[in-house]
Amino acid sequence: MSAAVTVSRLKSHLADLSMPGSLEVVDGLMEKLDRGSLSPAEAMEQLISAQVVLKQEKRLAIAMRSSKLPAVKKLDSFDFTFQPSIDHSQILSLHELTFIERKENVIFLGPAGVGKTHLAISLAVAAIERGKRVYFSTLSNLVLMLIEAERKGKLREKLLMLRNPALLVIDEIGYLPIPQSGTNLLFQVVNIRYEKGSMILTSNKSFKEWGEIFGDAVAAAAMLDRLLHHCHLVNIKGNSYRMRQYPNLALPNEVTVPAQHTAKRKVEKKLN
Ligand code: ADP
Ligand code: MG
């Protein structure tokens, strides 16, 4: 059989086996083989690895889509010199993702524009790249979704769906007030994931103010009690990156964190 016929049969097999990644590299590999710049073993390895890479890229793309991340943000595009209150080594160590293995939480606190969502997303992207399932939502969308699920009698299903991902990111706690029913529903999410899966939360409000956001100081305290039990806190004090061209317009920028976050569990399980 001539080389041309063999290559044509190889291509047809790869097409039958739905291996477009390998198919695409056949001609290039044949050329390199002809030139002697590649050994047959190397050519075989590269033929298969082209398909493996494509499969990984597809898996990553599907995982990114289903995570509902609003954007792709990476750590390498984060300018730490702009935000000196951030402990660089803490953020690097969080990106090793052992907090996910240990089912611990991360809470980013700080005023608008200091990079809370950027860092939350960059951790989420790193987790997806390591094959972890991630789900991202703003607090208000999450609450709307839960209220709707409850209305349709599908709350249990939705709560189980929110328990599954290795990492659940809840962004923007504090920008919009949450109705009482939403607070109870969120409490159920926190409960169902407690010590079972990690969460990343971002908020522009201090923990003291969470009672106001949730319209219920007891529920907020009980929720914080669980969230802070195994938690890495990143409290960012600085100016908005969005406003960096207008330093004179910057608003006072600090979220105060009471000693509460280091306190031992003290809220009794009233709401269990
Ligand atoms: P926050 O969630 O704290 O309100 P974001 O994370 O949404 O702030 O940041 C606002 C915008 O500024 C985003 O586009 C983000 O990527 C960018 N950004 C914030 N801080 C930095 C930084 N230190 N380096 C690079 N980009 C930043
Ligand atoms: Mg944000």
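Residues numbered from 1 in each chain as written. Chains lettered and ligands numbered in written order. Predicted model: local features only at pLDDT ≥ 70, side-chain atom pairs only at ≥ 80, totals over all residues. Heavy atoms only, no water.

### Here's the deal with the site of ligand 1
In the vicinity of ligand 1 there are 15 residues, among which Asp79, Gly113, Lys116, Thr117 and His118 approach most closely. One of the backbone N or O atoms of Val114 is found 3.2 Å from an oxygen atom in ligand 1. In the model, an oxygen atom of ligand 1 is placed 2.8 Å from a nitrogen or oxygen of the Lys116 side chain. Relative to its unbound accessible area of 560 Å², ligand 1 is 87% covered by the protein chains. Most atoms of ligand 1, that is more than half of them, are within 2 Å of grid points of the largest pocket. Taken together, the residues of the shell around ligand 1 sort by class into six nonpolar, five polar and four charged. (Near = heavy atom within 4 Å. Polar contact = N/O pair within 3.5 Å; in protein donor to acceptor, adjacent residues only side chain to side chain. Areas by Shrake-Rupley, 256 points an atom, 1.4 Å probe, with all protein chains shown as cover. 1 Å grid on protein atoms, 1.4 Å probe; cavity = no way out; pocket = protein on both sides within 12 Å on 5 of 7 lines; lining within 4 Å. Sits in = over half its atoms within 2 Å of the grid points. Nonpolar A, V, L, I, M, F, W, Y, C, P; charged D, E, K, R; others polar.)

### Overview of the domain arrangement of the chain
When cut into domains, the chain gives domain 1 (3-66) and domain 2 (68-263). Computed from C-alpha atoms alone, the centre-to-centre distance between domain 1 and domain 2 is 42 Å. Counting residues at the interface gives six residues for domain 1, matched by nine residues for domain 2. On the domain 1 side of the interface with domain 2, the three residues burying the most area are Leu60, Met64 and Ser66, jointly 71% of the side's total. Counting across the interface, domain 1 meets domain 2 through zero salt bridges. Put simply, domain 1 and domain 2 have two residue pairs in polar contact (both at pLDDT 80 or more) between them. Looking at the side of domain 1 that touches domain 2, its residues break down into three nonpolar, one polar and two charged. (Domains from an automatic or database assignment. Contact = heavy atoms within 4.5 Å. Buried area = accessible area lost by both parts, 1.4 Å probe. Salt bridge = Lys/Arg side-chain N within 4 Å of Asp/Glu carboxyl O.)

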